[in-house]
Amino acid sequence: MDQTRASDDLTVIAEEVKVCPLCELSRTRTHAVPGEGNPDARVMLIGEGPGWHEDQQGKPFVGASGKFLSELLAKAGLTREDVFITNVVKCRPPSNRDPLPDEIQACSQYLERQIAAIDPDVIVTLGRFSMSKYFPGERISRIHGQAKRIGKRLVVPMYHPAAALHQSSLRGAIEEDFAALPKVLADQERHRQAASERDDPPAQQSLF
Ligand code: URA
Ligand code: SF4
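Here the structure is a predicted model, which means the values were calculated and not measured.

## Quick look at the side chain of asparagine 87
Tracing the chain through its elements places asparagine 87 in strand β3 (residues 84-87). A distance of 3.1 Å separates a polar atom in the side chain of asparagine 87 from the backbone nitrogen of glutamate 48. Ignoring anything within four residues of it in the chain, the contact list for asparagine 87 reads Ile46, Gly47, Glu48, Gly49, Pro50, Pro60, Phe61 and Leu111.

## Here's the deal with the site of ligand 2
In the vicinity of ligand 2, the contacting residues are Cys20, Leu22, Cys23, Leu25, Ser26, Arg29, Lys90, Cys91, Ala106, Cys107 and Tyr110. Mapping ligand 2 onto the cavity grids shows that it belongs to the largest cavity. Breaking the shell around ligand 2 down by element, the ones donating at least two residues are α2 (25-28) and α5 (101-118). In terms of residue count, α5 provides more of the shell around ligand 2 than any other element does, 3 residues in total.

## Digging into the sheet that holds strand β5 (residues 148-150)
The 6 strands lie next to each other as β1-β3-β2-β4-β6-β5, forming an open sheet whose pairing is mixed. The sheet is open, and its two edges are formed by β1 (36-37) and β5, each paired on a single side. In terms of strand pairing, strand β2 (residues 43-47) meets strand β4 (residues 122-126) through 4 bridges, oriented parallel. The residue bridging methionine 44 from the neighbouring strand is isoleucine 123, located in β4. Together, β2, β3, β4 and β6 (153-158) form the strand contacts of α5, whose direction differs from that of β2 by roughly 170°.

## So, the nonpolar core
When a protein is soluble and globular, its nonpolar side chains tend to lie buried together. The biggest cluster of nonpolar side chains holds 53 residues, and the ones touching the most others in it are Leu45, Val122, Phe178 and Leu181. Sorting elements by how many residues they give to this core places α5 first, with 6 residues. Beyond its immediate stretch of four places on either side in the chain, leucine 45 contacts Leu69, Leu73, Val83, Phe84, Ile85, Thr86, Val124, Leu126 and Phe178.

## Observations regarding the layout of surface pockets
Empty space within the largest pocket amounts to approximately 320 Å³. Around the largest pocket sit 18 residues that line it, and Gly49, Pro50, Gly51, Glu54 and Ser65 are the ones nearest its centre. For the lining of the largest pocket, the elements supplying multiple residues, two or more each, are α3 (52-57) and α4 (64-75). Across the lining of the largest pocket, the residue classes tally to 7 nonpolar, 8 polar and 3 charged.

## A look at the site of ligand 1
The immediate surroundings of ligand 1 are formed by Gly47, Glu48, Gly49, Glu54, Pro60, Phe61, Ser65, Asn87 and His160. Backbone polar atom of glutamate 48 to an oxygen atom of ligand 1: 2.8 Å apart, as the coordinates give it. Glycine 49 has a polar backbone atom sitting 3.0 Å from a nitrogen atom of ligand 1. Contact with the protein chains removes 93% of the 240 Å² of surface that ligand 1 exposes when unbound. With respect to the pocket detection grid, ligand 1 is positioned in the largest pocket. Grouping the amino acids of the shell around ligand 1 by side-chain chemistry returns 2 nonpolar, 5 polar and 2 charged.

## Let's talk about the pairing of β3
Because side chains alternate across β3, one face comprises the buried residues Phe84 and Thr86, and the other comprises Ile85 and Asn87, equally buried. In this sheet, β3 lies alongside β1 in antiparallel orientation, the contact comprising 2 bridges. Bridge pairing in β3 places glutamate 36 opposite isoleucine 85. Relative to β3, β2 is paired through 4 bridges, and the arrangement is parallel. For glycine 47, the partnering residue across the bridge sits in β3 and is asparagine 87.

## A word on empty space enclosed by the protein
Throughout the structure, instances matching the rule amount to 1 cavity of 30 Å³ or more. In this structure, the largest cavity occupies an estimated 90 Å³ of space. Along its surface, the largest cavity is lined by 14 residues, and Cys20, Cys23, Cys91, Cys107 and Tyr110 are the ones closest to its centre. Broken down by secondary-structure element, the contributors of at least two residues to the lining of the largest cavity are α2 and α5. Its residues placed into classes, the lining of the largest cavity shows 11 nonpolar, 1 polar and 2 charged.

Rules used throughout
Residues numbered from 1 in each chain as written. Chains lettered and ligands numbered in written order. Predicted model: local features only at pLDDT ≥ 70, side-chain atom pairs only at ≥ 80, totals over all residues. Heavy atoms only, no water. Helix = DSSP H or I, 4+ residues; strand = E, 2+ residues; numbered from the N terminus. Polar contact = N/O pair within 3.5 Å; in protein donor to acceptor, adjacent residues only side chain to side chain. Contact = heavy atoms within 4.5 Å. Near = heavy atom within 4 Å. 1 Å grid on protein atoms, 1.4 Å probe; cavity = no way out; pocket = protein on both sides within 12 Å on 5 of 7 lines; lining within 4 Å. Sits in = over half its atoms within 2 Å of the grid points. Pairing = 2+ DSSP bridges. Axes fitted to C-alpha atoms, helices over the stretch in contact; angles between N-to-C directions. Core = buried A, V, L, I, M, F, W, Y, C linked by side-chain atoms within 4.5 Å. Buried < 20%, exposed > 50% of the residue type's maximum accessible area, 1.4 Å probe, protein only. Points joined across faces, edges and corners; volume = space filled by probe spheres on them. Nonpolar A, V, L, I, M, F, W, Y, C, P; charged D, E, K, R; others polar. Areas by Shrake-Rupley, 256 points an atom, 1.4 Å probe, with all protein chains shown as cover.

These results come straight from atomic positions and should not be treated as a statement about function.
The following block contains the structure:
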């Protein structure tokens, strides 16, 4: 999708999210957190839901786990400006409880529309709620870091930064998984080139 169009679509979605009444979380939020980043991102990250700091500021991953996420992105040679970051639910669950299935369901239309607007090559799921969208019934300890082709994209499940920050065994794992992202992106690039050459073979004039 062209970049202006993606940016316009994301703005429309964000405006809807900010006043969304579709689930109970609308009653207790301070600010909805639509997500932010590059409309033309090749990598999109999907977390769980806003915490206290995010609810205060209306921005994703701005607390301690957000700082850690920025460090993790740096391990992949990426900045926040390169990627788009959002969550499965856009409003904070009270006391940071888990989002409920009907809340995730009510909010999924926004996430789907964001994915369609950005059309990323790679989706990174952070934690089990966004993982379940693509890998239902799977265990993060078994599949973290393993890219799976789903349609035209690669989806890579990773631990949640908030969990990994405080558990040293997970911390090493999430750092390695982020460090491997450039390879995932390169694989995706090769896949895309091979697909486009199949559809549109190199010009015949190279024979002459
Ligand atoms: N944790 C999340 O899952 N999302 C945020 O935006 C912040 C913390
Ligand atoms: Fe709407 Fe999603 Fe917020 Fe629920 S969590 S009120 S569905 S934006």
